[in-house]
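Coordinate analysis (summary)
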Amino acid sequence: MVIAQSMSRGSKFLKQLGLVLLFCLYGPVLFAASAQPILHYVVRFPAPWTQYAEVSLTIQNVKGGYTDLDMAAWTPGSYVIRDFSGAVEAVRAVDAAGQPLPIGKTDKDTWRVQHRKDNQFTVHYRVFCRTTSVRESYVDQDRATLIPATIYLYPATVDLPSTVTIEPWKEWSVISTALEPVNPNDPWTFRAGSLDELLDAPMEIGNHLVMRFDVDGTAHELAIQGQGNYDTARLRTDISAIVRACTKMFGGNPNKRFVFLLNNTASDYGGLEHVASTSMVYRRWGYQPESVYRVFLGLVSHEYFHVWLAKRIRPVEYSTFTYDREQHSRSLWVVEGFTQYYDDLLLRRAGLISESSYLDIAAALINNTLNRPGDSVQSAAESSFDTWIKYYKGNENSSNSTVSYYNKGSLLALALDLEILASSQGKNRLDNVLQDLYALYRANPDQGFTEEQVQQLAERAAGKELNAFFRDYVYGTEPLDMVPYFDRIGVSLQDDGANPLSLTFGASIDAATATVQRVVRNQPAAEAGLFAGDEILAINGYRFKGNLTEWFDRTVAGQVWTVLVSRDGQLKELEIAPRPVPKFQYRLQLQEDAPEAQKTLYRQWISLP
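An account of the accompanying structure is given in this report. (Residues numbered from 1 in each chain as written. Predicted model: local features only at pLDDT ≥ 70, side-chain atom pairs only at ≥ 80, totals over all residues. Heavy atoms only, no water.)

Summed over all chains, the structure comprises 45 aromatic pairs. With a centroid separation of 5.1 Å and 25° between ring planes, the pair formed by Tyr405 and Tyr406 is classed as stacked. Site record: aromatic cluster; members linked through ring pairs are Phe250, Phe258, Phe260, Tyr304, Phe305, Trp308, Tyr341, Tyr342, Tyr438 and Tyr441. Of note, Arg112 hangs over the ring of Tyr66, and the distance from its end group to the ring centre comes to 4.1 Å. Here Arg126 stacks its cationic end above the ring of Tyr52, 5.1 Å away from the centre of that ring. (Phe/Tyr/Trp six-rings, centres within 6.5 Å; stacked < 30°, edge-to-face > 60°. Lys NZ or Arg CZ within 6 Å of the ring centre and 35° of its normal.)

Quick look at the structure:
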């Protein structure tokens, strides 16, 4: 053994000596040959009124005879294939001397560049940027909103760092993004350490308002594009309160800097989460009165909560991203549902909404979820998995056959929070489950959580097994009775929905065209054979003008309507008898005679002293 060790050490020394001599003789050549490709993007806007971004990608140190370049087909946080390559045009490639290189598509979002062992080439292309959305890019004379998955081609087989230089239109002077500049003296060139980092950092370019503020040691930037009836001082105060509430829950902020990108438009609403930023669109006149301003604060709270849940605490299926195809997960009811639950709850904790307002929000969540026919058809886990083919591709039958993993997940979060709170006698709540998931992430950032871990951590927090809950309500479609959960914290659910005098037709109708938009399963219109797309011409021999209210006013239960419709140009008569159809209309009310222990749990749940 001793002799073998000596020989091994001697061999290792000779090998190291040989490598040193080899490097001395051929080091520069070897280093050049092994150098990684270098990526540099340049994005220009020479004529923004055409709504084009012009992009150049230069790749140095390429090897072999060709390179495949991909464009993402989707962007994380919006789980549907969008085929961003459809907006790309005029793709061409040149070598280091500017001479044309062969380039062509090998599939719908991959381009192959034949570069004949050249060590550098550049690809030029244009992207049409027309959609005012947090998922796609937009360009006009006033601004450029760049959603990176829609802008950048990238090498298909290797993950590389890159730099991005923005050449703004001559009248633009401001840029906001979470990417860090390469040089502090150059505000237009940025670095990304990986493809994920590049595609996770949207940009806002133009002459927008920029507000900077520090919250508990983390720098924040709010970039506001477009006019609006907002109060800048109040935005700073209220957003800071939301940040503090989120940070307090998780025990610290993982970001040193965070950027809110906000575009004010005529009617858009939405947000998309990123690791160190969020892209949001909101109605420009939607900051007043107080009732609609609360909607904006909920959007901010939702997107900021994703800093932890979604971008760091994420399902195992999203440990790594594959941008060219679907990635299915049954856990989006956790990622989006829990976030939706906490976005309003954290507003309450931050003191931005009242106790009564939060009770109204919770009641609305229960009513909206349980009154959807699809709640008895599709489970929360199935809704998560099928988001790629159903959630973003809704049709006239969606409410009958699907449930939103946002709403159902939020309702499940509410039920779990109350279950854990009551079963642990106030020692734990759903917060502890998310805190434990965050601890797992911090211990292993590259490994996402599993479905089993969510249940296990919920059971640990509750101090009891929850097999029936997950079987029936997460993976099954049993009706979720919220009454027992609220009873345990001294709150009654008063159902005001049973009104025997209220008649239901069971279809939504476009008043302008008298066309049926949606038919509700198991209600009179569906049972009589009315279809979405039918044009209602007359009821009981009288011309129909698009409004059912006057017909309800002159109808009693049991009366049959003769409804004349046009379907694909053919006339059909249907016999429809409107009748009362019970639906949930819950309101929450604190029980004054509830035991003090239950009242304590209630105060803990709703953040009362």
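Here the narrative resumes, following the displayed structure.
Time to look at the environment of Gln425. Position of Gln425 among the secondary structure elements: in the loop between α9 (405-423) and α10 (430-443). For Gln425, a relative accessible area of 66% puts it in the exposed group. In sequence terms Gln425 and Arg543 are 118 residues apart; their C-alpha atoms lie 62 Å from each other. (Helix = DSSP H or I, 4+ residues; strand = E, 2+ residues; numbered from the N terminus. Buried < 20%, exposed > 50% of the residue type's maximum accessible area, 1.4 Å probe, protein only.)

A separate point is helix α4 (residues 290-305). In this model α4 runs 22 Å from its N-terminal to its C-terminal C-alpha over 16 residues, within 8% of the 22 Å that 1.5 Å per residue would give. When we look at burial in α4, the residues that qualify are Tyr293, Phe296, Leu297, Gly298, Leu299, Val300, Ser301, His302, Glu303, Tyr304 and Phe305. (Expected span 1.5 Å × (residues − 1).)

Residues of helix α16 (residues 596-606) that are buried: Lys599, Leu601, Tyr602, Trp605 and Ile606. For α16, the buried positions fall inside an angular range of 160° around the axis, keeping them on one side. The first or second residue beyond α16 is Ser607, which carries a positive phi of 65°. (Arc of directions from axis to C-beta.)

What follows is about the pairing of strand β25 (residues 535-539). The buried fraction of β25 is high, at four of five residues. Strand direction decides the pairing type here: β25 and strand β27 (residues 561-567), joined by four bridges, are antiparallel. Its bridge partner being in β27, Ile536 is matched across the sheet by Val565. Sheet topology places β25 next to strand β26 (residues 542-543); two bridges connect them, and they run antiparallel. (Pairing = 2+ DSSP bridges.)

With that settled, consider unusual backbone geometry. A cis amide bond links Gln288 with the next residue in sequence, Pro289, at an omega value of 0°. Here Pro289 lies in the loop between β21 (277-283) and α4. Its identity is not glycine, yet Asn540 carries a phi of approximately 55°, on the positive side. Its location among the elements puts Asn540 in the loop between β25 and β26.

The next point concerns the pattern of salt bridges. Taken as a whole and judged by the stated rule, the model has 28 salt bridges. Among the ionic pairs, Asp375 bridges to Lys408, the shortest N-O distance being 2.8 Å. Taken together, the residues span a long stretch of sequence, with Asp375 in the loop between α6 (355-370) and α7 (380-385) and Lys408 in helix α9 at a distance of 33 residues. There is no split in this pair, since Asp375 and Lys408 are both buried. The partner of Arg429 in a salt bridge is Asp431, and the shortest N-O contact between them spans 3.7 Å. (Salt bridge = Lys/Arg side-chain N within 4 Å of Asp/Glu carboxyl O.)

Once that is clear, we can look at the packing of helix α3 (residues 232-250) against α4. The contact between α3 and α4 brings their axes to 10 Å, and the two run at 40°. Between α3 and α4, the crossing angle belongs to the class labelled oblique. Along this stretch, α3 crosses α4, giving a crossing that reads as right-handed. Counted together, Arg234, Leu235, Asp238, Ile239, Ile242, Val243, Cys246, Met249 and Phe250 of α3 and Glu290, Tyr293, Phe296, Leu297, Val300, Ser301, Tyr304 and Phe305 of α4 form the full contact between these two elements. Tallied by class, the residues present in the contact of α3 with α4 amount to 13 nonpolar, one polar and three charged. (Axes fitted to C-alpha atoms, helices over the stretch in contact; angles between N-to-C directions. Parallel < 35°, antiparallel > 145°, perpendicular 65-115°, else oblique. Left-handed = near helix turned anticlockwise from the far one by under 90°. Contact = heavy atoms within 4.5 Å. Nonpolar A, V, L, I, M, F, W, Y, C, P; charged D, E, K, R; others polar.)

Below, the discussion takes up the sheet that holds strand β19 (residues 257-265). Strands sit in the order β17-β18-β19-β21-β20 across an open sheet of five strands; the sheet is mixed. Each edge of the sheet is formed by a strand with only one pairing partner; in this case those strands are β17 (209-215) and β20 (270-273). The mean angle between the axes of side-by-side strands here comes to 15°, regardless of whether they run parallel or antiparallel. Relative to strand β18 (residues 218-225), β17 runs antiparallel, the two sharing seven bridges. Paired with Leu209 across the strands is Ile224, a residue of β18. Contacting β18, β19, β20 and β21, α4 crosses the sheet at an angle of about 165° to β21.

Note that every value here comes from positions in space, so none of it alone points to a role or purpose.
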